[in-house]
Amino acid sequence: ASGTALVHTPVAVADIPRRLFGSFVEHMGRGVYGGIYEPDHPTADEYGFRHDVMELVNELGVTCVRYPGGNFVSNYNWEDGTGPKELRPVRRDLAWHSTETNEVGIDDFYHWSRQTGTEIMLAVNLGTRGLHACLEELEYVNAPAGTALADRRVRNGIPEAMDVSMWCLGNEMDGPWQVGHMSAEAYATAVDQVAHAMKLAESGLQLVACGSSSAHMPSFGHWERTVLDKAYDNLDFISCHAYYYDRGAASFQDFLLSSEDMAHFIDTVAGICATTKAEKHSDHEVALSFDEWGVWYSDVWNQQEEEWKAQAKAGLHHEEWPKAPRLLEDLYTVADAVVEGSLMISLLKHCDHVRSASRAQLVNVIAPIMTEAMGPAWKQSVFHPFAAAAHHARGNAYAPSIDGPMLSTPQYDAVPAIDAVITWDDERHEGLALVVNRDEHGTHDVRIDCSSLPRIDASTMRIDATQMLHEDDPYRRNTAEDSNAVVPHACDVRMNEDASFTLTMPEISWAAIRFH
Ligand code: AHR
């Protein structure tokens with residue numbers, strides 16, 4: 001089926017926070033070791049970080065990077081990654097069943113973040129540790145020289161305070177897989193105490209409490225209400241995490257509509273924040289940090305866990321603890337990239353509530369950037385929609401009304417096949433329309449009416465650049481051998497006289513149109 005969709009009357013949502021274009025580096029698989037860090041690589045710098053990877057991180061436009069986990073952080077001693085490398089302990093990482101050499105830690109990652117011009121969003125361990133370790137880490141990282149832990153940092157070669165303002169208080173503490181997972185009530189008490197004490201130690205911190213690991217957790221809703229009710233005034237963000245993949249959805253069409261699930265998730269958590277604020281008669285705002293999102297073929301990992309459980313039945317044995325094994329190295333299709341483009345549209349349309357987001361992850365592990373040992377770094381399909389938004393979605397986000405073909409599926413009832421967001425930078429007088437055709441089968445013409453954007457002039461409005469992602473085979477993907485199999489191409493966009501433009505979106509496609 002084909003039809004025409006009218007995208008019109010864009011309504012201002014909010015200014016677009018730069019942190020919306022964040023990502024995530026976890027100590028797992030080849031994310032750090034063999035990913036951002038490979039001291040023998042020809043492009044490695046004095047700290048062992050690959051410069052070819054840094055160049056791709058810049059090209060991706062990442063603004064903020066969550067570190068060092070993830071599940072990893074819940075069994076991590078931050079001190080292990082500081083000071084002389086030869087003295088750092090080798091440990092077992094329970095989350096990913098790997099050996100952690102601690103060659104990289106906060107000292108090193110700080111250098112990486114400065115070189116890439118990215119902000120650090122630091123996660124602390126509330127699994128095996130708690131208040132005391134958090135306060136010590138905060139002093140080490142952020143305090144000016146003159147106290148014991150700040151002076152230790154100075155001795156470790158970093159005289160200046162690292163000035164990390166975003167701190168994640170634990171990771172997915174609602175998840176039974178998490179080391180030290182807790183009930184909502186136990187976590188609410190812990191996070192309230194940690195946040196309160198951290199803010200006594202330093203004003204101006206922005207603290208993120210764990211929300212639910214997904215909107216499909218049994219405790220979803222109860223968890224957010226309990227945490228916010230207890231700790232509201234000490235918190236600045238509550239997190240959301242969501243991963244999607246085709247085999248995890250009721251149908252391929254449902255997978256293509258994953259952004260509907262994300263939008264519902266955001267609306268629900270934002271509603272709980274608003275209710276808590278009202279009940280407390282508070283002036284304070286708690287925003288959403290969507291600090292893990294993306295496509296992840298999570299059934300592969302689940303199967304690995306099942307194998308371990310089966311082995312355990314054989315009794316006590318010494319398992320393997322590999323160093324930097326290949327974990328979660330999903331190779332993304334063009335359909336995955338269209339879905340990620342669609343998820344980014346959803347984040348932008350909700351940026352009044354979502355003030356920070358991290359695409360999970362950055363290198364090798366469910367990642368837009370892949371590396372070959374001693375070889376090149378290359379881009380996956382999902383690199384492209386992220387980069388377009390990160391570089392060109394500036395100013396304010398506008399959510400348009402969309403009239404056109406609708407889709408009904410096992411999971412969703414009558415949702416538009418086309419989704420879109422418009423961003424407009426009034427100062428630079430530059431705009432971006434991001435559009436997605438989520439229809440598995442139908443090609444649709446799309447007319448995007450920008451006439452109600454502020455100070456838009458139909459007589460001078462011009463298209464500056466276009467990009468479209470689409471392949472006849474939705475499962476086409478990039479590989480190390482051919483990393484240009486899925487790349488965006490320029491597309492035909494017709495400028496009309498009334499400050500609108502028209503294009504044809506084939507089934508399963510994403511487009512970015514820059515205009516002024
Ligand atoms: O990103 C992979 C994992 O997904 C993270 O470690 C965890 O927080 C989530 O379950």
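Residues numbered from 1 in each chain as written. Predicted model: local features only at pLDDT ≥ 70, side-chain atom pairs only at ≥ 80, totals over all residues.

Under an unreviewed UniProt entry, the name given to the protein is non-reducing end alpha-L-arabinofuranosidase, and the source organism is Bifidobacterium psychraerophilum. Taken from UniProt, the Subunit (unreviewed entry) comment for the protein reads in full: "Homohexamer; trimer of dimers." In UniProt, the protein has this text filed under Sequence similarities (unreviewed entry): "Belongs to the glycosyl hydrolase 51 family." (UniProt positions renumbered as here; feature names shortened; annotations may be inferred.)

Draft legend 1. Quick look at the site of the ligand. What surrounds the ligand is the set Glu-26, Gly-69, Gly-70, Asn-71, Asn-171, Glu-172, Ser-213, Glu-292, Ala-360 and Gln-361. In the shell around the ligand, the residues fall into one nonpolar, six polar and three charged. (Near = placed C-beta within 6 Å. Nonpolar A, V, L, I, M, F, W, Y, C, P; charged D, E, K, R; others polar.)

Draft legend 2. Looking closely at helix α1 (residues 51–60). Every buried residue of α1 is listed here: Val-53, Leu-56, Val-57 and Leu-60. Viewed along the axis of α1, the buried residues span an arc of 105°, placing them on a single side of the element. On its buried side, α1 packs onto α2 (106–116), β12 (369–371), β13 (377–379) and α11 (383–392). Two residues or fewer past α1, Gly-61 is found with a positive phi of approximately 85°. (Buried ≥ 20, exposed ≤ 12 C-beta atoms within 10 Å, placed from the backbone. Helix = DSSP H or I, 4+ residues; strand = E, 2+ residues; numbered from the N terminus. Arc of directions from axis to C-beta. Contact = placed C-beta atoms within 7 Å.)

Draft legend 3. Region of the structure containing the sheet that holds strand β7 (residues 166–169). Pairing within the closed barrel is parallel, and its eight strands lie in the order β2-β3-β6-β7-β8-β9-β10-β11. Taking each pair of neighbouring strands and ignoring which way they run, the sheet shows an average axis angle of 30°. Relative to strand β8 (residues 206–209), β7 runs parallel, the two being bridged by four bridges. Note on β8: the bridge partner recorded for Trp-167 is Leu-207. (Pairing = 2+ DSSP bridges. Axes fitted to C-alpha atoms, helices over the stretch in contact; angles between N-to-C directions.)

Draft legend 4. Representation of the nonpolar core in the model. Counting 155 residues, the largest nonpolar core has Leu-169, Ile-369 and Ala-420 as the members making the most contacts within it. Among the elements that line this core, the one with the most residues is helix α10 (residues 334–349), at ten residues. Beyond its immediate sequence surroundings of up to four residues, Ala-420 is in contact with Val-7, Ile-345, Pro-400, Ile-402, Ala-433, Leu-434, Val-435 and Ile-448. (Core = buried A, V, L, I, M, F, W, Y, C linked by C-beta atoms within 7 Å.)

Draft legend 5. Fine view of the UniProt feature "domain: Alpha-L-arabinofuranosidase C-terminal" (unreviewed entry) in the protein. Here the UniProt-annotated "domain: Alpha-L-arabinofuranosidase C-terminal" (unreviewed entry) positions come out as residues 291–509. The span residues 291–509 shows a helical share of 18% and a strand share of 31%, and its end C-alpha atoms are spaced 25 Å apart.

Draft legend 6. Geometry of the domain arrangement of the protein. What the domain assignment reports for the protein is domain 1 (3–9 + 395–515) and domain 2 (17–392). Put simply, the parts of the chain that give the side of domain 1 that touches domain 2 at least two residues each are β14 (396–403), β17 (418–425), β18 (430–437), β20 (463–469) and β23 (509–515). (Domains from an automatic or database assignment.)

Draft legend 7. Broad picture of unusual backbone geometry. Of the consecutive residues Tyr-67 and Pro-68, the connecting peptide bond is found in the cis state with omega at 0°. Looking at the element boundaries, Pro-68 is found in the loop between β3 (64–67) and β4 (91–93). The residue after Ala-360, namely Gln-361, is reached through a cis peptide bond having omega -10°. Of note, Met-374 is a non-glycine position whose phi angle comes to about 60°, a positive value. Turning to its location among the elements, Met-374 is positioned in the loop between β12 and β13. Residue class for Met-374 comes out exposed when judged on the 10 C-beta atoms lying within 10 Å of it. The residue His-429 is not glycine, and still its phi comes out positive at about 60°.

Draft legend 8. Seen up close, the pairing of strand β22 (residues 500–505). The side-chain alternation of β22 yields one buried face, formed by Phe-501, Leu-503 and Met-505, and one unburied face, formed by Ser-500, Thr-502 and Thr-504. Alignment of strand β19 (residues 444–449) against β22, held across six bridges, turns out to be antiparallel. Paired with Ile-448 across the two strands is Phe-501, which belongs to β22. Pairing geometry for strand β21 (residues 494–495) and β22, over two bridges, is antiparallel. Each residue of the ladder has a partner; that of Met-495, found in β22, is Phe-501. Where β21 hands over to β22, the hairpin turn is made up of four residues, of which Ala-499 adopts a positive phi near 60°.

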